[in-house]
Amino acid sequence: MSLRTIRSRRSAATAIALVAVLGAAAPAAAAPDRELGDRIGVNEVNRHLIAFQRIADIHGNRASGHPGYEASVDYVAGKLRAAGFDVSTPEFSYQAYFLDSFALSAGGQPVEGDALEYSPATPPGGVTAPLSVAPVDDTPGCEAADYAGTDLAGTVVLVQRGACNFSEKARVASELGAEAAIVYNNVDGPLNGTLGDPAAATIPTAGVTRQVGEQLAGRAGTEVTVDVQSRLESVTTRNVLAQTRTGRTDNVVMAGAHLDSVPDGAGINDNGTGSAGLLAAALEMGGSPDVHNAVRFAWWGAEESGLVGSTKYVQGLSFEQQLDIALYLNFDMIGSPNAGYFTFDGDDSDGVGAGEGPYGSAQIEQDFIDAMARRGVELRGTDFNGRSDYGEFIAVGIPAGGLFTGAEGVKTEEEAALWGGTAGESYDPHYHTAGDDLGNVDRRALKLNTKGLADVVAGYARSTEAVNGMRTRAERAELRAAQGSLMAARLDTAKVPHGHDLS
Ligand code: DTR
Ligand code: ZN
Ligand code: ZN
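Residues numbered from 1 in each chain as written. Chains lettered and ligands numbered in written order. Predicted model: local features only at pLDDT ≥ 70, side-chain atom pairs only at ≥ 80, totals over all residues. Heavy atoms only, no water.

## Quick notes on the sheet that holds strand S15 (residues 380-382)
Taken in spatial order, the eight strands make up an open sheet running S1-S10-S12-S11-S13-S16-S14-S15, and their pairing is mixed. Here the strands that pair on one side only, and so sit at the sheet edges, are strand S1 (86-88) and S15. Ignoring strand direction, the axes of neighbouring strands in this sheet form an average angle of 20 degrees. Pairing geometry for strand S10 (residues 240-243) and strand S12 (residues 293-300), over four bridges, is antiparallel. Residue pairing for S12: Gln243 is matched across the bridge by Arg296. Helix H5 (residues 67-82) rests against S1, S10 and S12 of the sheet, and its axis sits at about 10 degrees to S10. (Pairing = 2+ DSSP bridges. Helix = DSSP H or I, 4+ residues; strand = E, 2+ residues; numbered from the N terminus. Axes fitted to C-alpha atoms, helices over the stretch in contact; angles between N-to-C directions. Contact = heavy atoms within 4.5 Å.)

Right under this line is the structure:
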């Protein structure tokens, strides 16, 4: 008789006592094996990836709010329903920013630039006004005092990047009467900036390169036209949630991947790979596996619009419902063409960037390291910087981890020696471009990571004891309340659509 059968025949109180006894007797570590991973065939994963590519071919992309995303949802949800999962596709809405056109000119001559994301629109034809130039100091345009002596009223202000958020610079200029702002880069390359969210936007704001900005800085008083035609539209989209009908529902193992692409392409590595790998693992597990803990799989919408689907999901749960989630595993980009093999640095042993994850995250990191080592791959750490859907989970103190093969980061010599591939090139040269298609996926990375993720998910479905330790529910509640707020701060800078910069 399985544990599940025994429990279902007893009262809740007896069941809790029984679980406590059995739990204490169980082995300390989850001891994940290779069983589920070995059962997944590479053809199944590839088939899902081909489906995503076809959907993108038909609809142009798979971005949230677009038909290709809805088709992706239907594909994934349909397979899961057929496999017997308890499937739901809860809707949520958010404000999406659309830039219809942008033009900048100085003295009647066009100038290269772009609108910052969430820049308000100008009247048709743009705003034309003389250029005023913010002095370059330690805090360029961050405080009213930075403009001492310059009258900004009725001007377009040019200000250098640095020291504070773009939205701060625009707000200060706006309060001093400026009609529009232009931020110029302080490093080479395009600015790629965002005001963060619609509420932080004040006056129309453009971004230009350092070179363009330095030229403009010598032309104070010149008539400048900034023309931004943009709009905010409410987008309604969906997450996909699929839970096993078996296992404890007060100690749920969650595993998620975002299903949306950026509007520019098919999003096959980002994140068709994570979506396909997770789907293959779920389908292989089936809706009613013989497990101790329920498994809840998630395919998130609107990750590329600022982690929207996962954030709304977590925020929509009560504290007790959050406590019912033992841990969260994230799979975003697991087949990068110049693949790195990373897992989240749960214990901050790398000492890079943000600190450690919530309690238990160090154990999750170790479990991924062990699972991938059993498949012959040595993992390295990647910072818990909040740049994917695990962000809101750690922000409420839920232990987390996951796999990642790299985005715009550049492979080092040492990494190329360890894993192969090309040093000095990014892990995914097609990241967020139309080139992110079926031809630009590392099949070996995808296969190994899919099997590894399946092993780890299956291991936690058996036991999360190593992650939870001997902590009671009350102790975990206390830890989460305390740790969550510490983790939340790092999200503010990470949660920006399509990887734009806030400052
Ligand atoms: N959020 C991703 C890409 C990304 C960047 N850094 C990380 C770290 C871990 C996982 C994913 C990522 C995107 O969807 O663009
Ligand atoms: Zn992305
Ligand atoms: Zn992604």
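## Considering the environment of Ala83
Position of Ala83 relative to the elements: it lies in the loop between H5 and S1. Between the C-alpha atoms of Ala83 and Thr244, which are 161 residues apart in sequence, the distance is 9.9 Å. Setting aside residues up to four positions removed in sequence, Ala83 forms contacts with Leu283, Gly286 and Gly287.

## Some remarks on the site of ligand 1
Around ligand 1, a shell composed of His258, Asp270, Glu303, Glu304, Asp332, Met333, Phe344, Arg387, Ser388, Phe404, Tyr431 and His432 is seen. Tyr431 is positioned such that a nitrogen or oxygen atom in its side chain is 2.5 Å from an oxygen atom of ligand 1. For the shell around ligand 1, a count of residues per class yields four nonpolar, three polar and five charged. (Near = heavy atom within 4 Å. Polar contact = N/O pair within 3.5 Å; in protein donor to acceptor, adjacent residues only side chain to side chain. Nonpolar A, V, L, I, M, F, W, Y, C, P; charged D, E, K, R; others polar.)

## Re the coordination of the zinc ion (ligand 3)
Listed as protein donors to the zinc ion (ligand 3) are His258 (NE2), Asp270 (OD), Asp332 (OD) and Asp332 (OD); their distances from the metal cover 2.0 to 2.7 Å. Taken in sequence order, the residues that donate to the zinc ion (ligand 3) follow the motif H-x11-D-x61-D. Here the zinc ion (ligand 3) and the zinc ion (ligand 2) are spaced 3.5 Å apart, and both take Asp270 as a donor. Here the residue Asp270 occupies a position in helix H8 (residues 268-285), and Asp332 occupies one in the loop between strand S13 (325-331) and strand S14 (342-344), the gap between them amounting to 62 residues. (Donors = N, O, S within 2.8 Å, 3.2 Å for Na, K, Ca; no water.)

## A look at helix H4 (residues 42-59)
Spanning 18 residues, H4 covers 26 Å between terminal C-alpha atoms, matching the ideal 26 Å at 1.5 Å per step. Listed as buried for H4 are Val45, Asn46, His48, Leu49, Ala51, Phe52, Gln53, Ile55 and Ala56. Structurally, H4 contributes buried residues whose contacts are with H5, H8 and helix H14 (443-462). Remark: Gly60 follows H4 within two positions and exhibits a positive phi of approximately 95 degrees. (Expected span 1.5 Å × (residues − 1). Buried < 20%, exposed > 50% of the residue type's maximum accessible area, 1.4 Å probe, protein only.)

## Focus: the coordination of the zinc ion (ligand 2)
Ideal geometry at a metal centre: 109.5 degrees between donors when four sit tetrahedrally, and 90 or 180 degrees when six sit octahedrally. Looking at the zinc ion (ligand 2), the protein donor atoms are Asp270 (OD), Glu304 (OE), Glu304 (OE) and His432 (NE2), and they sit 1.9 to 2.6 Å from it. Relative to the metal, the six donor atoms surrounding the zinc ion (ligand 2) lie at angles of 55 to 152 degrees, and the coordination shape comes out irregular. Site description for the zinc ion (ligand 2): donor spacing in sequence, D-x33-E-x127-H. On the basis of relative accessible area, Glu304 is assigned to the buried category, the value being 4%. (Tetrahedral: all angles 85-135°; square planar, octahedral: opposite > 155°, others 65-115°.)

## Remarks on the confidence of the model for the protein chain
For the protein chain, per-residue confidence averages 92 on the pLDDT scale, and 92% of positions sit at 70 or higher. Ranking the elements of the protein chain by mean pLDDT puts helix H1 (residues 3-8) last, at 34, and S10 first, at 99. Scored below 50 in pLDDT, residues 1-32 shows 32 contacts in the model against residues more than four places distant or in partner chains. (pLDDT = per-residue confidence, 0-100.)

## Some details on the packing of H5 against H8
It is the contact of H5 with H8, at a shortest axis distance of 10 Å, that shows an interaxial angle of 15 degrees. Between H5 and H8, the crossing angle belongs to the class labelled roughly parallel. Along this stretch, H5 crosses H8, giving a crossing that reads as left-handed. Across from Tyr75, Val76, Lys79 and Leu80 in H5, the residues of H8 making contact are Leu279, Ala282 and Leu283. (Parallel < 35°, antiparallel > 145°, perpendicular 65-115°, else oblique. Left-handed = near helix turned anticlockwise from the far one by under 90°.)

## Side note on the sheet that holds strand S8 (residues 205-208)
Strand order in the open sheet formed by eight strands is S3-S2-S9-S5-S6-S7-S8-S4, and the pairing between neighbours is mixed. At either end of the open sheet lies a strand with only one pairing partner, and these are strand S3 (109-110) and strand S4 (114-115). Pairing of strand S5 (residues 127-133) with strand S6 (residues 156-160) involves three bridges; the strand directions are parallel. Counted as the bridge partner of Leu131 is Val156 from S6.

## Considerations on the pairing of strand S11 (residues 248-258)
With respect to burial, S11 is a largely interior element, nine of its eleven residues being buried. Inspection of the sheet shows S11 paired to S12 by seven bridges, in the parallel sense. What sits directly across from Met254, in S12, is Arg296. The handedness of the S11 to S12 crossover, carried by H8, is right-handed. Summarising the sheet, S11 and S13 pair through five bridges and their orientation is parallel. Bridged to Met254 within S13 is Tyr328. (Right-handed = clockwise from strand over helix to strand, strands pointing away.)

## Considerations on the pattern of salt bridges
Taken as a whole and assessed by the stated rule, the structure comprises 19 salt bridges. Arg39 serves as the salt-bridge partner of Glu35, at 2.8 Å between the closest nitrogen and oxygen. Remark: Arg39 and Glu35 occur in helix H3 (residues 35-39); sequence separation between them is four residues, near one turn of the helix. Owing to a relative accessible area of 39%, Arg39 belongs among the partly exposed residues under this scheme. Put simply, Arg34, Asp38, Arg375 and Asp455 are held in one network by salt bridges that share partners. (Salt bridge = Lys/Arg side-chain N within 4 Å of Asp/Glu carboxyl O.)

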